[in-house]
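# Descriptive structure summary
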Amino acid sequence: MVLAAGFASNICAGAAQSPRSSGGIPSPRAGTEARLTELRREAALADPPPASELSQRLAMIAMELLEAGVPEEGLEVLAEAVGRDPRNGEALANLILAYLQQEETPLADFYLDQATETTERRNPDPSMYIAIGNAYAARHQLSQAVEAWVYARRLGSGDPRMIAELDRAQRELSIARPRSFVRSLHFHLYSDESIPADLVAAVRAHLESEEERLARSFGSPELREPQVVVLYAGQEYFSLVSAPSWVLGMFDGKIRISVRTPAHWSSELAAVLSHELAHAFIRGASHGNAPVWLHEGLAQWCSGKRIPASDFRAELGAGRRPLTLAGMANVSLMSADPGAARAGYAEALGLVEYLVRVRGEGSVFCVVRDLGEGQDIGDALAREASLSPDGLLAAWRAWAGI
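Starting afresh in each chain, residues are numbered from 1 along the sequence in its written order. Only residues with pLDDT of at least 70 get local features here, since the model is predicted, and only at 80 or more are side-chain atom pairs given and counted; chain-wide, interface and lining totals rely on the full set of residues. Values reported for side chains reflect all heavy atoms of the structure, with hydrogen atoms and water molecules removed beforehand.

Turning next to the layout of surface pockets. In this approach, a probe sized like a water molecule rolls over the atoms, and the result shows the empty space that is left. A pocket, in this scheme, is an open set of points on a 1 Å grid over the protein atoms alone with protein on both sides within 12 Å along at least 5 of 7 lines, while a cavity is a set where a 1.4 Å probe fits but cannot get out; residues line either one if an atom lies within 4 Å of a point. Grid points are joined across faces, edges and corners, and a volume is the space filled by probe spheres set on the points. The calculated volume of the largest pocket comes to roughly 1,200 Å³. Every residue lining the largest pocket is counted, 41 residues in all, and those nearest its centre are A138, E225, F251, G253 and R283. Counting residues per element, the ones that place at least two in the lining of the largest pocket are α6 (126–138), α7 (142–154), α8 (160–174), β3 (227–233), α11 (267–286) and α16 (361–372). Note on conventions: DSSP H or I runs of at least 4 residues are helices, E runs of at least 2 residues are strands, and numbering of each starts at the N terminus. Sorting elements by how many residues they give to the lining of the largest pocket places α8 first, with six residues. Along the lines of polarity and charge, the residues of the lining of the largest pocket split into 16 nonpolar, nine polar and 16 charged. Residue polarity follows a fixed list, in which Ala, Val, Leu, Ile, Met, Phe, Trp, Tyr, Cys and Pro are nonpolar, Asp, Glu, Lys and Arg are charged, and the others, Gly among them, are polar.

Structural data, given as structure tokens:
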């Protein structure tokens, strides 16, 4: 089911005014070029400053250029800083990150290999290599992510989140198959090579179409950065992360889809793709602040799923009481019990369906935007729907006859 783009015709109660431009602000590059010229003059003297000092000063100028939005020159100066003093660990880590940010991954890979050869450089900050690993992982370049995280551990990091991500990436690499890669306007699409190329093309076309539709609904021009999508042939990865057998898709920053055999395009696959893409938009628009019920309810709504009010009692299951909103925050809707999972998803969708019915589709997207602007869910519901969380739950129960 195709949604009408409700956001465009609704103005959020908490909508902020567009910021005014402030003219007359000096350019961040003011004086930088002169300092760089002077530094290179000093380097050419018969008795130049020590290489470590030149490298440090070059690195500072390079970071200023990068922050000023001059990446080509900034990268050139930062590479010069590393060349003058290869032991400058901070400059080397910043160079890897800068190349990744500019999507210059072959050069980032080259310098990562150099960095991880030794721990003898000055001041290599483990947190920088955690960030480098995170950047690689976000691009689904797991081998390089593992290399960076392992190096961070060698440098002394015991960050528990990094260790968990390292373990997960190593387990995924242990079952990795040869994969194809396709880049489109808004997506980086990885797929097991056994998945037919025509199916991958259909997935890409569907995602691009849905991205345009959801961007209108969420009031966002587009995804902030290319969204990684991974298509797996079968359930092996999902079993690895202990997902129930009924799960066909998940979103953990990446859209992960299990393509069942025989692999072919279907309305079910289309709905799963739309559902997981909606999660990406919800996380982005809410800055990660959307509660579980809103995430799952709105993702279902965006994928076209609907439940008539008269059917909610049956969807919850005999003798099963609805959860409180606080209770939904403390349980996983990916329960191994299909009945419990069905009930949780039905309740989440019901809350969104009720909001749409009484306040309009646009109000739900406004709630998500308010969360992204720092409101909590109580304030956002009050502002956009004149409801409290408890009031929403009670009103939905009455509407659905529960």
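A pair of Phe, Tyr and Trp rings is counted when the ring centres sit within 6.5 Å of each other, with Trp represented by its six-membered ring. The angle between the planes then sorts it: under 30 degrees is stacked, over 60 is edge-to-face, the rest tilted. Scanning all chains against the criterion turns up 13 aromatic pairs. A centroid spacing of 6.0 Å and a plane angle of 10° characterise the contact between Y99 and Y111, whose relative ring orientation is stacked. In this pair, Y99 is assigned in helix α4 (residues 89–101) and Y111 in helix α5 (residues 105–115), connecting sequence segments twelve residues apart. Relative accessibility under 20% of the residue-type maximum defines a buried residue, over 50% an exposed one, and the middle range a partly exposed one, all with a 1.4 Å probe and only protein chains included. For Y99, a relative accessible area of 9% gives the class buried. Overall, Y111 belongs to the buried group, its relative accessible area being 14%. Pairwise contacts between aromatic rings join F312, Y354, W396 and W399 into one cluster. A ring is considered to have a charge above it if a Lys NZ or an Arg CZ atom is located within 6 Å of its centre and within 35 degrees of its normal. Of note, R306 hangs over the ring of W301, and the distance from its end group to the ring centre comes to 3.3 Å.

To continue, consider the pattern of salt bridges. One side-chain nitrogen of Lys or Arg within 4 Å of one carboxyl oxygen of Asp or Glu is enough to make a salt bridge. Applying the stated rule across the entire model yields 18 salt bridges. Between E103 and R139 there is a salt bridge, and its shortest N-O distance comes to 3.3 Å. With E103 in the loop between α4 and α5 and R139 in the loop between α6 and α7, this residue pair connects regions lying 36 residues apart in the sequence. When its relative accessible area of 40% is taken as the criterion, E103 is described as partly exposed. A salt bridge links R256 to E172, with the shortest nitrogen-to-oxygen separation between them at 3.3 Å. A residue pair is termed long-range when its members are at least 10 positions apart, and R256 in strand β5 (residues 255–259) and E172 in helix α8 qualify at 84 residues. Accessibility classification places R256 together with E172 in one group, the buried group.

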